[in-house]
Structure formats: C-alpha cells, structure tokens
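A look at the structure
What follows is each chain in one-letter form.
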Amino acid sequence: MRNTHYKISQKSANEEKVLHLKLAALTSLLFMGRDYPKGYEFFRANLQKAFRKNRDEQNSEKIDKMLAHGEFVKKELETLYMLRKYRTLKKIYYDS
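The structure displayed is predicted, hence computed values, not measured ones.

1. Here we look at the overall build of the protein
When helices and strands are tallied, the protein shows three helices and zero strands. Here the protein holds 96 residues, and 16% of them are scored as buried. Contacts in the protein between residues far apart in sequence, at least 24 positions, make up 60% of those at least 6 positions apart. Surface accessibility of the protein: about 8,800 Å² in total, with carbon and sulfur atoms responsible for 55%.

2. Brief notes about the confidence of the model for the protein
Averaged over every residue, the pLDDT of the protein is 86; residues scoring 70 or more account for 88%. When mean pLDDT is compared element by element in the protein, helix H2 (residues 40–53) scores highest at 94, while helix H1 (residues 13–32) scores lowest at 88.

3. So, the nonpolar core
Formed by Leu29, Leu30, Met32, Phe43, Leu47, Leu77 and Tyr81, the largest nonpolar core amounts to seven residues. Secondary structure elements with two or more residues in this core: H1, H2 and helix H3 (60–94). When residues of this core are assigned to their parent elements, the largest contribution, three residues, is made by H1.

4. Details of the packing of H1 against H2
The interhelical angle for the contact between H1 and H2, taken along N-to-C directions, is 165°, at an axis separation of 10 Å. It follows that H1 is roughly antiparallel to H2 by the angle criterion. As H1 runs across H2, the sense of the crossing is right-handed. Of the residues in H2, those touching H1 at Lys22, Ala25, Leu26, Leu29 and Leu30 are Tyr40, Phe43, Arg44, Leu47 and Phe51. Within the contact of H1 with H2, the residues separate by chemical class into eight nonpolar, no polar and two charged.

5. A few points about the packing of aromatic side chains
For the coordinates displayed, the defined rule picks out two aromatic pairs. Seen from their ring centres, Tyr36 and Phe42 are 6.2 Å apart, and the 15° between their planes marks the pair as stacked. Classification of Tyr36 as partly exposed rests on a relative accessible area of 26%. Between Tyr36 and Phe43, the ring centres sit 5.2 Å apart and the planes meet at 45°, which makes this aromatic pair tilted. Aromatic ring contacts, followed pair by pair, group Tyr36, Phe42 and Phe43 into a single cluster. For Arg34, the ring lying beneath its charged end belongs to Phe31, and the centroid distance is 3.9 Å.

6. Some points on the pattern of salt bridges
Throughout the structure, instances matching the rule amount to three salt bridges. The partner of Glu41 in a salt bridge is Arg44, with the nearest N and O atoms 3.7 Å apart. Placement of both Glu41 and Arg44 in helix H2 is noted, with a separation of three residues, approximately one turn of the helix. Glu41 sits in the exposed class, given a relative accessible area of 53%. On the basis of relative accessible area, Arg44 is assigned to the partly exposed category, the value being 32%.

Criteria and cut-off values
- Residues numbered from 1 in each chain as written.
- Predicted model: local features only at pLDDT ≥ 70, side-chain atom pairs only at ≥ 80, totals over all residues.
- Heavy atoms only, no water.
- Helix = DSSP H or I, 4+ residues; strand = E, 2+ residues; numbered from the N terminus.
- Buried < 20%, exposed > 50% of the residue type's maximum accessible area, 1.4 Å probe, protein only.
- Contact = heavy atoms within 4.5 Å.
- Areas by Shrake-Rupley, 256 points an atom, 1.4 Å probe, with all protein chains shown as cover.
- pLDDT = per-residue confidence, 0-100.
- Core = buried A, V, L, I, M, F, W, Y, C linked by side-chain atoms within 4.5 Å.
- Axes fitted to C-alpha atoms, helices over the stretch in contact; angles between N-to-C directions.
- Parallel < 35°, antiparallel > 145°, perpendicular 65-115°, else oblique.
- Left-handed = near helix turned anticlockwise from the far one by under 90°.
- Nonpolar A, V, L, I, M, F, W, Y, C, P; charged D, E, K, R; others polar.
- Phe/Tyr/Trp six-rings, centres within 6.5 Å; stacked < 30°, edge-to-face > 60°.
- Lys NZ or Arg CZ within 6 Å of the ring centre and 35° of its normal.
- Salt bridge = Lys/Arg side-chain N within 4 Å of Asp/Glu carboxyl O.

As structure tokens, then:
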C-alpha cells in the first residue's frame with residue numbers, strides 16, 4: 001500500500017554539496033582554533049554562534065561569500081600562529 005499523503009523530501013545534490021562544505025569549514029576551523037590565544041572554548045563558542053546565526057541561509061551567493069570568509073579566517077589563524085612561532089624562536093635565539 002502506498003502512502004500518498006506524505007512526500008519524503010530529499011536534498012538536492014547542490015544542498016548536499018553546500019552541507020559538506022559547511023561541515024568541512026566548521027571542522028577545519030575548530031581544529032585550527034585549538035591554539036587560539038583566548039582559549040579553545042572562547043573560539044568554539046563564537047564559531048558556533050556564527051554558524052547557528054546563518055544556518056537557515058538559502059541564498060547561494062551569500063553562502064559562497066560566507067564560505068570564502070571562512071577560508072580568510074583560516075588563513076588569518078595560520079598567520080597568527082606562524083607569527084607567534086616566529087616571535088618565540090626570535091626570543092630564544094636572538095634576545096639572549
């Protein structure tokens with residue numbers, strides 16, 4: 001017997017791709033936030049707040065812009081960590 005009253009909604013391939021990109025961005029940012037200067041919990045709370053605020057966004061252009069901003073944040077975190085490493089090494093070897 002068929003159930004014709006309810007249709008099971010299936011996500012389109014594009015929605016699946018966007019979901020995958022969002023999850024990849026979230027997990028990579030969480031991984032990079034482990035060494036954040038204000039602490040992992042601070043970073044995690046703010047990151048989750050940003051993702052929750054925009055979770056219902058459907059405009060693909062705006063989603064692409066937000067994902068690009070996430071890539072920018074990752075690059076900024078890498079730069080921050082490299083600068084901290086450089087300063088530590090400089091302090092060890094040159095400030096003696």
